[in-house]
Amino acid sequence: MKQLTKKIYIQTWGCQMNLADTEVIRSILTKNGYGFVPNEQEADVIMLNTCAIRENAHRKVYGRIQKIISDRCSVVSGQKKPLIGILGCMATNLRTDLLENKNLAIDFIAGPDSYKRLPNLIKEATIGKDHGSQNTDYKPFDVTLSEFETYSDITPSRQEGVNGWISVMRGCNNFCTFCVVPYTRGRERSRAVANVVEEAKILAAEGFKQVTLLGQNVNSYKHDSDDFASLIEAVSKVDGIERIRFTSPHPKDFPENLLQVIAHNPKVCKQIHYPIQAGNNRILDLMNRTYTREEILDHIAHIRTTIPNIGLSTDVIVGFCSETDQEFDETYDLMDKIMFDSAFIFKYSERKNTIASKKHADDVPEAVKTERIVRLNELQKAISLKKNAAHVGETHTILIEKLGTAKDPDKCIGRNDQNKIVVIPRGPYTIGDFIDVKITRGTPVALEGKILET
Ligand code: 5AD
Ligand code: SF4
């Protein structure tokens with residue numbers, strides 16, 4: 001029998017949850033004797049941890065698979081060809097295509113709840129390859145969605161930095177009609193508070209100053225009698241953790257006690273990612289978001305009264321099924337009224353299996369979607385500039401996360417409490433330091449500052 005495949009290269013697409021999952025995968029495979037290499041040339045197994053949220057995410061992965069396959073074809077005879085494994089949301093959503101498509105010579109598939117089976121899947125794929133001439137179609141896979149798996153017993157193998165992710169709940173029960181996540185990641189399930197706190201302690205001991213609690217919809221976090229606010233309070237008691245962030249909540253069931261924790265707990269950053277998705281009530285209803293624009297406006301006003309220095313960001317989808325010009329104008333108007341600090345704006349992308357794909361036509365022409373996204377991005381750019389410029393003269397505490405920027409080795413980057421990037425001249429400090437800076441300039445994407453003279 002051939003020796004077990006050993007060296008793995010993993011590439012990750014998509015959201016923070018996927019980045020956190022890659023750390024879980026690294027941990028599982030390291031414990032099973034596998035090693036990780038920084039590039040695919042050295043790898044025996046290439047794993048792509050994929051995202052299914054929009055079509056362009058798919059396209060990138062398909063392009064990548066084709067490239068790996070063509071590189072694999074040019075491998076000199078006698079040399080070992082790497083196995084290719086597809087992981088993550090595409091694995092669940094496109095399993096049939098991935099398994100049956102003869103042009104996609106991949107070797108194994110693992111969905112987001114099957115990572116503990118990866119050592120076995122790799123072994124099976126290796127054996128399948130050894131017998132390749134008889135059984136070239138053999139592709140071991142596991143895309144079973146679990147009601148229980150939270151990987152609470154795995155300590156993720158983290159990369160260096162100031163921020164450590166902890167995924168506190170997985171899955172989503174909301175079924176927003178455009179979204180594929182409930183199908184690729186299954187039902188909601190949460191980890192116990194004590195278990196998350198243990199992980200936060202490990203993280204602090206490893207030197208991470210900041211923790212970001214992750215979940216598809218963190219407001220739904222529930223374990224025994226604990227809710228998300230009590231979880232955050234418990235994590236904030238961990239010595240060494242100085243900053244706590246979380247993402248993402250859903251506007252529909254944003255708990256008041258969570259707002260109070262953000263307002264009063266000094267370790268909890270004054271920042272909320274608040275995905276509105278649209279600003280017209282008919283579209284919000286078609287999306288199954290279960291709130292109205294009026295409710296959003298009221299709630300945002302309440303958030304700003306409760307936490308005056310809150311940093312707010314959002315997600316918006318333009319060109320959802322049957323969205324008219326007037327309906328888009330209402331989204332534009334809502335964005336103009338709320339003035340988020342920043343926004344991620346997407347063109348609607350129809351996803352297989354979703355409610356929208358079954359019930360509503362994706363009938364807004366591509367050119368109209370483009371026009372809407374351009375207009376909204378222009379508006380947001382102007383708002384972000386205005387909001388950032390308003391900080392000039394203020395003093396902010398930043399956590400240094402990078403020494404030297406891509407453009408300038410003499411600058412360095414930190415983030416303030418509101419999660420805004422602050423660029424400052426390089427000084428005698430290191431990654432992980434907290435320093436006070438005076439804001440000197442605001443751009444649409446960042447703040448610039450200088451060290452306070454003492
Ligand atoms: N098309 C476009 N954007 C989408 N999102 C989720 N599903 C889709 C889709 N089908 C966006 C939402 C969500 C963010 C993570 O991705 O805005 O909040
Ligand atoms: Fe998708 Fe809606 Fe769940 Fe967010 S809340 S993951 S948009 S279904």
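None of the values given here were measured: they were computed from a predicted structure.

> Looking at this model, I keep getting lost on the site of ligand 1. Mind explaining?
Around ligand 1 sit Ile53, Arg54, Phe178, Gln277, Asp315, Ile317, Phe346, Lys347, Tyr348, Ser349 and Arg351, and that is every residue in its neighbourhood. Here arginine 54 contributes a side-chain N or O atom positioned 2.9 Å from an oxygen atom of ligand 1. Note that a nitrogen atom of ligand 1 is positioned 2.8 Å from one of the backbone N or O atoms of serine 349. Looking at the shell around ligand 1, the elements that each hand over two or more residues are β15 (311-318) and β16 (342-347). Its residues placed into classes, the shell around ligand 1 shows five nonpolar, two polar and four charged.

> What is the right way to look at the side chain of glutamate 40 in this model?
Tracing the chain through its elements places glutamate 40 in the loop between β2 (35-36) and β3 (45-50). There is a polar contact of 2.4 Å between the side chain of glutamate 40 and the side chain of arginine 64. With sequence-adjacent residues up to four places away left out, glutamate 40 is seen in contact with Tyr9, Ile46, Arg64, Ile68 and Asp71.

> Would you explain helix α1 (residues 16-31) in this entry?
In a regular helix each residue adds 1.5 Å, so 16 residues correspond to 22 Å; α1 covers 23 Å between its end C-alpha atoms and thus fits that length. Within α1 the residues assigned to the buried category are Met17, Asn18, Ala20, Asp21, Thr22, Glu23, Val24, Ile25, Ser27, Ile28 and Leu29.

> Explain the domain arrangement of the protein to me, please; I cannot follow it from the model alone.
One frequently used descriptor of interface size is the decrease in accessible area upon assembly of the parts. Considered domain by domain, the protein is made up of domain 1 (7-142), domain 2 (158-269), domain 3 (302-389) and domain 4 (395-451). Distance from the C-alpha centre of domain 1 to the C-alpha centre of domain 4: 38 Å.

> Quick question: what am I supposed to make of the sheet that holds strand β21 (residues 447-451) here?
Hydrogen bonds between backbone atoms are what pair the strands of a sheet, whose relative direction is either parallel or antiparallel. Strand order in the closed barrel made by the five strands is β17-β18-β19-β21-β20, with mixed pairing throughout. Going from strand to strand, the sheet's axes swing by 55° on average, the running direction of each strand aside. In the sheet, strand β17 (residues 395-403) pairs with strand β20 (residues 434-442) via five bridges, with the strands oriented antiparallel. The residue of β20 that forms the bridge with isoleucine 398 is isoleucine 435.

> What is the right way to look at the packing of aromatic side chains in this model?
Under the defined criterion, the tally for this structure stands at eight aromatic pairs. On the numbers, 4.9 Å between centres and 80° between planes, the contact of phenylalanine 320 with tyrosine 348 is edge-to-face. Here the residue phenylalanine 320 occupies a position in the loop between β15 and α12 (325-338), and tyrosine 348 occupies one in the loop between β16 and α13 (355-359), the gap between them amounting to 28 residues. In this structure, phenylalanine 320 and tyrosine 348 share a single accessibility class: buried. One aromatic cluster is present, built from ring pairs that chain together Phe178, Phe320 and Tyr348. When the ring centre of phenylalanine 36 is taken as origin, the NZ or CZ atom of arginine 26, which lies over that ring, is 4.6 Å away.

> What is the right way to read the pairing of β16 from this model?
Here β15 pairs with β16 via six bridges, running parallel. Paired with valine 318 across the bridge in β16 is lysine 347. Handedness of the crossover joining β15 and β16 through α12 is recorded here as right-handed.

> Which parts of the structure should I look at to understand the sheet that holds strand β14 (residues 271-273)?
Read from one edge to the other, the open sheet built from three strands follows the order β14-β15-β16, with strand pairing classed as parallel. Edge positions in the sheet fall to β14 and β16, since each of these pairs with one other strand and no more. Strand-to-strand, the axes of this sheet are offset by a mean angle of 10°, without reference to chain direction. Two elements, β14 and β15, share three bridges in a ladder whose sense is parallel. Looking at the pairing, isoleucine 272 lines up with leucine 312 of β15.

> What exactly am I supposed to notice about the nonpolar core here?
Burial of nonpolar side chains together is a common tendency in soluble globular proteins. Leu213 and Phe228 are the most contacted members of the largest nonpolar core, which totals 68 residues. Counting the residues that make up this core, at least three belong to each of domain 2 (158-269) and domain 3 (302-389). When residues no more than four places from it in sequence are discounted, the contact partners of leucine 213 are Ile166, Val168, Val196, Val218, Phe228, Leu231, Ile232, Val235, Ile244, Arg245, Phe246 and Thr247. Cys89, Leu98, Ile106 and Ile109 belong to the second-largest nonpolar core, a separate cluster that totals 26 residues.

> Is there a simple way to think about the environment of glycine 111 in this case?
Among the structural elements, glycine 111 can be located in the loop between β5 (108-110) and α5 (118-130). Each C-alpha atom of the pair glycine 111 and phenylalanine 141 lies 8.3 Å from the other, and the pair is 30 residues apart in sequence. Look past the residues within four positions of glycine 111 in its chain and what remains in contact with it is Gly88, Ala91, Thr92, Asp142 and Val143.

> How should I be thinking about the pairing of strand β13 (residues 243-247) in this particular structure?
The side chains of a regular strand alternate, residue by residue, between the two faces of the sheet. By the criterion of burial, β13 is predominantly enclosed, with five of the five residues buried. With burial as the criterion, each face of β13 is covered, one bearing Arg243, Arg245 and Thr247 and the other bearing Ile244 and Phe246. Alignment of strand β10 (residues 210-214) against β13, held across five bridges, turns out to be parallel. Residue pairing for β13: glutamine 210 is matched across the bridge by arginine 243.

About the thresholds
- Residues numbered from 1 in each chain as written.
- Chains lettered and ligands numbered in written order.
- Predicted model: local features only at pLDDT ≥ 70, side-chain atom pairs only at ≥ 80, totals over all residues.
- Heavy atoms only, no water.
- Near = heavy atom within 4 Å.
- Polar contact = N/O pair within 3.5 Å; in protein donor to acceptor, adjacent residues only side chain to side chain.
- Helix = DSSP H or I, 4+ residues; strand = E, 2+ residues; numbered from the N terminus.
- Nonpolar A, V, L, I, M, F, W, Y, C, P; charged D, E, K, R; others polar.
- Contact = heavy atoms within 4.5 Å.
- Expected span 1.5 Å × (residues − 1).
- Buried < 20%, exposed > 50% of the residue type's maximum accessible area, 1.4 Å probe, protein only.
- Domains from an automatic or database assignment.
- Pairing = 2+ DSSP bridges.
- Axes fitted to C-alpha atoms, helices over the stretch in contact; angles between N-to-C directions.
- Phe/Tyr/Trp six-rings, centres within 6.5 Å; stacked < 30°, edge-to-face > 60°.
- Lys NZ or Arg CZ within 6 Å of the ring centre and 35° of its normal.
- Right-handed = clockwise from strand over helix to strand, strands pointing away.
- Core = buried A, V, L, I, M, F, W, Y, C linked by side-chain atoms within 4.5 Å.

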